[in-house]
Amino acid sequence: MAEQMTHSINATNLADILERVLDKGIVIAGDIKIQLADIDLLNIKIRLLVASVDKAMEMGINWWQQDSYLSTKAKEKETQTLEKRVERLEKRSKA
Amino acid sequence: MNVTEESLIYLYCVTKAKPDCSDFEETGIKIYPIYFQGTYAILSRVSPEEFSEENLKKNLANMEWVEKNVRQHEKVIEEIMKDITVIPFKFGTIFKTEDGVENLLKENNLKFKNVIADLEGKEEWGLKVYCDSEKLNDSLKKEDERVEGIEKEITSSGKGKAYFLKKKKNELIKNVRNEKISEYTQDSFERIKRACLEAKINKILPKEVTEKKEDMVLNAAFLINEKRIKEFKNILAYLKTKYTNKGLVFDCTGPWPPYNFCNLSEKGKV
């Protein structure tokens, strides 16, 4: 049997909420724009949350970085390779 | 707080149905919707003393203020989400005028409608997996042949050799550990994914953020059809049985507003 997983705001770990509310969610610039990264006095917890450093590499547990479906980095690389290929082909067809 | 001309407008989420705003009276937050062609923006008035650009920057450095307001942001959206599908916005999305909000609804009308239609009947759940190092090491000693072999060798060796063998053993455990953690977390993720519509892996968070004694080894979010939540929970229960004595700790939360699955640029096909 699956055990009951209740979810209430007050009981939820703050990190869970911060991660979603500050780092995810729709970003559409309102009239006031705040770049968390630019705030000098930002609490260390928040800074670590929004910083791009990923502990996974450091720890050597990063199996998903190989998965192009999951990894944006891998996706970018794939796109770059494809772009280069298109470029080459275009040059060739012009010549 | 006085509702003055200078008060600012805080945007929580966008919906396509009108929520019951009276639910929030007891919390002291006055929520109200504005409407544009099939979409609602859910708003409240906030004071520039807290949310002007300058003051918001200052306040974001104050953890007590952040915690109170971030929980409130989440609470409002979750309350609305009980009845209708929401597109959650980032904390601190502020407008100076209602016209600004209306423009937002106008400009993104089709995108918002598409995203909501996409999210209808689906729930976001989060899974964070932690690893109890000692428990994992214990299980490795028992289960991994390589570690077991070197252990035996140590007991039958003289002092000098045993010293080097122990060093070698620690190095080996470190490598085997990461290998095992990868294997366990990948298996967990793949199994859960089968019950889900979308799955996403997020950054592993350091202990300073999680305040847990165990290291985080997987941080994932899933989008699940509400009819398959039971299946999802059963898989999770299975994984707990399979991996608890190997040191993994599963921390599952939800349903969340779909923060991880409402990318406008990806889904806003016009």
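Quantities reported herein were computed from a predicted structural model and do not represent experimental measurements.

A. Spotlight on the packing of aromatic side chains. Scanning the model with the defined rule gives 15 aromatic pairs over all chains in all. Aromatic side chains Tyr-10 of chain B and Tyr-12 of chain B sit 4.7 Å apart centroid to centroid with 45° between the ring planes, which places their arrangement in the tilted category. Accessibility assignment for this pair places Tyr-10 of chain B and Tyr-12 of chain B in one class, buried. Ring plane angle 55° and centroid distance 5.3 Å describe the contact between Phe-51 of chain B and Trp-65 of chain B, whose orientation is recorded as tilted. Pair noted here: Phe-51 of chain B is in helix α1 (residues 48–51) and Trp-65 of chain B is in helix α3 (residues 63–81), with a separation of 14 residues, a long-range link. On the basis of relative accessible area, Phe-51 of chain B is assigned to the buried category, the value being 3%. Three or more aromatic residues joined by ring pairs form one cluster here, namely Trp-63 and Trp-64 of chain A together with Trp-125, Phe-189, Phe-222 and Phe-232 of chain B. The aromatic ring of Trp-256 of chain B is capped on one face by Arg-20 of chain A, whose charged end is 4.2 Å from the ring centroid.

B. Fine view of the pairing of strand β3 (residues 39–46) of chain B. Residues and elements named next belong to chain B. In terms of residue burial, β3 counts as a mostly covered element, since 7 of its 8 residues are buried. Pairing between strand β1 (residues 8–15) and β3: 7 bridges, direction antiparallel. Bridged to Ile-9 within β3 is Arg-45. Relative to β3, strand β2 (residues 31–36) is paired through 6 bridges, and the arrangement is antiparallel. From the neighbouring strand, Pro-33 faces β3, where its bridge partner is Ile-42. In textbook terms, the turn of a hairpin is the stretch between consecutive antiparallel strands, and for β2 and β3 this stretch comprises 2 residues, one of which, Gln-37, has a positive phi near 35°.

C. How the structure looks around a positive patch on the surface. On the surface, Lys-84, Arg-85, Arg-88 and Arg-92 of chain A cluster together to form a positively charged patch. Examined against the element boundaries, Arg-88 of chain A turns out to sit in helix α4 (residues 72–94).

D. Molecular detail of the sheet that holds strand β7 (residues 198–201) of chain B. Residues and elements named next belong to chain B. The sheet built from 4 strands is open, its strands ordered β7-β8-β6-β9 with antiparallel pairing. Unpaired on one side and paired on the other, β7 and β9 (248–256) mark the two borders of the sheet. The mean angle between the axes of side-by-side strands here comes to 20°, regardless of whether they run parallel or antiparallel. Sheet analysis places strand β6 (residues 122–131) next to β9, joined by 7 bridges and oriented antiparallel. Among the inter-strand pairings, Val-129 is bridged to a residue of β9, identified as Phe-250. In the packing of helix α8 (residues 159–193) onto the sheet, the strands contacted are β6, β7, β8 (215–225) and β9, and the crossing angle to β8 comes to about 10°.

E. Structural context of the environment of Met-59 of chain A. Mapped onto the secondary structure, Met-59 of chain A falls in helix α3 (residues 55–59). On the basis of relative accessible area, Met-59 of chain A is assigned to the buried category, the value being 18%. If we skip the residues at most four places from it in the chain, Met-59 of chain A touches Asn-178, Ile-204, Asp-215, Met-216 and Val-217 of chain B.

F. The arrangement of the interface of chain B and chain A in detail. Counting residues at the interface gives 75 residues for chain B and 53 residues for chain A. Across the chain B/chain A interface, buried area totals approximately 5700 Å², and carbon plus sulfur atoms make up 66% of it. By the criterion of area lost to chain A, the three top residues of chain B are Arg-71, Lys-90 and Lys-203 of chain B, representing 13% of everything that side buries. Here chain B is connected to chain A by 4 salt bridges. Salt-bridge contacts for Lys-128 of chain B lead to Asp-16 of chain A; the nearest nitrogen and oxygen are separated by 2.7 Å. The tally of links between chain B and chain A comes to 7 residue pairs in polar contact (both at pLDDT 80 or more). Of the residues forming the side of chain B that touches chain A, the biggest block, 9 residues, is contributed by α3 of chain B. Looking at the side of chain B that touches chain A, its residues break down into 37 nonpolar, 17 polar and 21 charged.

Here is what the cut-offs are and how they apply
Residues numbered from 1 in each chain as written. Chains lettered and ligands numbered in written order. Predicted model: local features only at pLDDT ≥ 70, side-chain atom pairs only at ≥ 80, totals over all residues. Heavy atoms only, no water. Phe/Tyr/Trp six-rings, centres within 6.5 Å; stacked < 30°, edge-to-face > 60°. Buried < 20%, exposed > 50% of the residue type's maximum accessible area, 1.4 Å probe, protein only. Helix = DSSP H or I, 4+ residues; strand = E, 2+ residues; numbered from the N terminus. Lys NZ or Arg CZ within 6 Å of the ring centre and 35° of its normal. Pairing = 2+ DSSP bridges. Patch = residues over 30% accessible without salt bridge, like charges linked within 9 Å, V, L, I, M, F, W, Y side chains within 5 Å. Areas by Shrake-Rupley, 256 points an atom, 1.4 Å probe, with all protein chains shown as cover. Salt bridge = Lys/Arg side-chain N within 4 Å of Asp/Glu carboxyl O. Lys, Arg positive; Asp, Glu negative; His and termini not counted. Charge placed at Lys NZ, Arg CZ, Asp CG, Glu CD. Axes fitted to C-alpha atoms, helices over the stretch in contact; angles between N-to-C directions. Contact = heavy atoms within 4.5 Å. Buried area = accessible area lost by both parts, 1.4 Å probe. Polar contact = N/O pair within 3.5 Å; in protein donor to acceptor, adjacent residues only side chain to side chain. Nonpolar A, V, L, I, M, F, W, Y, C, P; charged D, E, K, R; others polar.

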